[in-house]
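An overview of the molecular structure
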Amino acid sequence: MSLVVLKLGGSVVTDKDEPETVDEEGLAAAADAVATLAESGRVVVVHGGGSFGHHHAAEHGVSSESGSHDARGVRAIHDAMKRLNDAVLDALAGRGVSALPVHPLSAGAREADGSLSLPLTATETMLDEGFVPVLHGDVIAHAGKGATIVSGDDLVVSLASGLGADRVGLCSTVPGVLDAGGDVIPEITAFADAADALGGSESTDVTGGMAAKVRKLLALGAPAHVFGPEGLSAFVAGESPGTVIRGE
Ligand code: IP8
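Small disclaimer: the values here were computed from a predicted structure and weren't measured.

Here we come to the domain arrangement of the protein. Partitioning the protein into domains gives domain 1 (3-165) and domain 2 (175-247). Taking only C-alpha atoms into account, the centre of domain 1 sits 21 Å from that of domain 2. Across the boundary between the two partners, domain 1 contributes 16 residues, which contact 11 residues of domain 2. Taken over both partners, the interface formed by domain 1 and domain 2 buries close to 1,000 Å², and the fraction arising from carbon and sulfur atoms is 78%. Taken together, the connections running from domain 1 to domain 2 amount to 2 salt bridges. Secondary structure elements with two or more residues in the side of domain 1 that touches domain 2: strand 1 (3-8), helix 2 (24-40) and helix 7 (152-163). The residue inventory of the side of domain 1 that touches domain 2, partitioned by class, reads 10 nonpolar, 3 polar and 3 charged.

Printed below as a string of structure tokens:
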């Protein structure tokens, strides 16, 4: 049975301007989409931090680069993400989806060079048993740095390659990868297709912006679709909203 990994950006399921506030409308639409996907195949959901994770992370000085050994701060970030995860699970359960949480803090770690190690046994077994695993951007133990932030996008890459996903969807508030004129690039098959718009192949991208995302998605063995909330139902229907990134 086909496997879809779908990332729901934090800006889609939360109100980014109000601390710890769910965007009920955005979450409802996203949960409807997951419910439809789950009817016909296997789905793994990943959601971002939005107004839950990011402001706690900033308050405690933790980012994907800067770590912390302060367990209280690490817990504050993680607990906020668990509250958002609960809201996502509840929305899915309300639509009859057998969704279960997978918390990256307790499942994986980062090596000293920043590479993510995410054992997939729990996720894989949940899928085999008919559940929909729901992961989230989190704080995670990082060799030599205490704990740092792992973004939902990084999790998507590990999950999609480790589980052999057939399709990947990244739903955020941008309608796709935009060219220099602000138009959506329909297809990217090599970094050069988007290099101008993304600031060239030499650009450094420590914040995990679009250039880093495109590079990682090009390396996947499955097509990855980057689209906005208006593209969700088309993605669910098997169409190609926004930008499709297809490495060769
Ligand atoms: O929103 C970050 O995940 P993202 C999660 O996918 C935290 O970058 C804890 C800030």
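More follows now that the structure is in view.
To continue, consider helix 4 (residues 71-93). Along its 23 residues, helix 4 runs 31 Å from first to last C-alpha, staying within 8% of the 33 Å computed at 1.5 Å per residue. The distance from a side-chain oxygen at the start of helix 4 to the backbone nitrogen of arginine 72 is 3.1 Å, and the residue carrying that oxygen is aspartate 70.

Moving on: the packing of aromatic side chains. Applying the stated criterion to the full structure yields 1 aromatic pair. Ring plane angle 25 degrees and centroid distance 5.1 Å describe the contact between phenylalanine 227 and phenylalanine 235, whose orientation is recorded as stacked. Over the aromatic face of phenylalanine 235 sits the side chain of arginine 167, whose NZ or CZ is 4.1 Å from the ring centroid.

On to the pattern of salt bridges. In total, this model carries 8 salt bridges according to the counting rule given. Among the salt bridges present, the one from aspartate 79 reaches lysine 82, with a minimum N-O distance of 3.8 Å. With aspartate 79 and lysine 82 both in helix 4 and 3 residues apart, the pair spans about one turn of that helix. For arginine 246, the salt bridge identified is with glutamate 187, shortest N-O distance 3.0 Å. Of this pair, arginine 246 sits in the segment after strand 12 (243-245) while glutamate 187 sits in strand 10 (residues 187-188), and the two are 59 residues apart along the sequence. Classification of arginine 246 by relative accessible area gives partly exposed; the value is 36%. Owing to a relative accessible area of 39%, glutamate 187 belongs among the partly exposed residues under this scheme. It is possible to trace a salt-bridge network through shared partners that takes in Lys7, Asp153 and Lys213.

With 96% of its residues at a pLDDT of 70 or more, the protein has an overall mean of 93. Low pLDDT (under 50) marks residues 201-207, which in the prediction has 10 contacts with non-local residues, meaning those over four places away or in another chain.

On to the pairing of strand 7 (residues 138-142), then. Judged by how many residues are buried, strand 7 sits mostly within the fold: 4 of 5 residues are covered. From the end of strand 7 to the start of strand 8 (residues 146-150), which pair antiparallel, there are 3 residues, and glycine 144 there has a positive phi angle of about 85 degrees.

Looking now at the site of the ligand. In the region of the ligand, the neighbouring residues are Lys7, Gly48, Gly49, Gly53, His54, Ile77, Met81, Gly137, Asp138, Ile149, Ser151 and Gly152. Between lysine 7 and the ligand, the recorded distance is 3.2 Å, taken from a side-chain N or O atom to an oxygen atom. One of the backbone N or O atoms of glycine 152 is found 2.8 Å from an oxygen atom in the ligand. Coverage of the ligand by the protein chains reaches 90% of its 320 Å² of free accessible surface. Residues that form the shell around the ligand fall into these classes: 3 nonpolar, 7 polar and 2 charged.

Taken together, 8 strands build an open sheet; the order of strands is 3-6-2-1-9-11-12-10 and the sheet is mixed. The open sheet has two edge strands, strand 3 (99-101) and strand 10, and neither has a second partner. Where strand 3 and strand 6 (residues 132-136) come together, 3 bridges link them in parallel fashion. Pairing of alanine 99 across the sheet is with valine 132, part of strand 6. Those strands touched by helix 7 are strand 1, strand 2 (42-47), strand 6 and strand 9 (167-171), and its axis lies near 180 degrees from that of strand 1.

Parameters and conventions
- Residues numbered from 1 in each chain as written.
- Predicted model: local features only at pLDDT ≥ 70, side-chain atom pairs only at ≥ 80, totals over all residues.
- Heavy atoms only, no water.
- Domains from an automatic or database assignment.
- Contact = heavy atoms within 4.5 Å.
- Buried area = accessible area lost by both parts, 1.4 Å probe.
- Salt bridge = Lys/Arg side-chain N within 4 Å of Asp/Glu carboxyl O.
- Helix = DSSP H or I, 4+ residues; strand = E, 2+ residues; numbered from the N terminus.
- Nonpolar A, V, L, I, M, F, W, Y, C, P; charged D, E, K, R; others polar.
- Expected span 1.5 Å × (residues − 1).
- Polar contact = N/O pair within 3.5 Å; in protein donor to acceptor, adjacent residues only side chain to side chain.
- Phe/Tyr/Trp six-rings, centres within 6.5 Å; stacked < 30°, edge-to-face > 60°.
- Lys NZ or Arg CZ within 6 Å of the ring centre and 35° of its normal.
- Buried < 20%, exposed > 50% of the residue type's maximum accessible area, 1.4 Å probe, protein only.
- pLDDT = per-residue confidence, 0-100.
- Pairing = 2+ DSSP bridges.
- Near = heavy atom within 4 Å.
- Areas by Shrake-Rupley, 256 points an atom, 1.4 Å probe, with all protein chains shown as cover.
- Axes fitted to C-alpha atoms, helices over the stretch in contact; angles between N-to-C directions.

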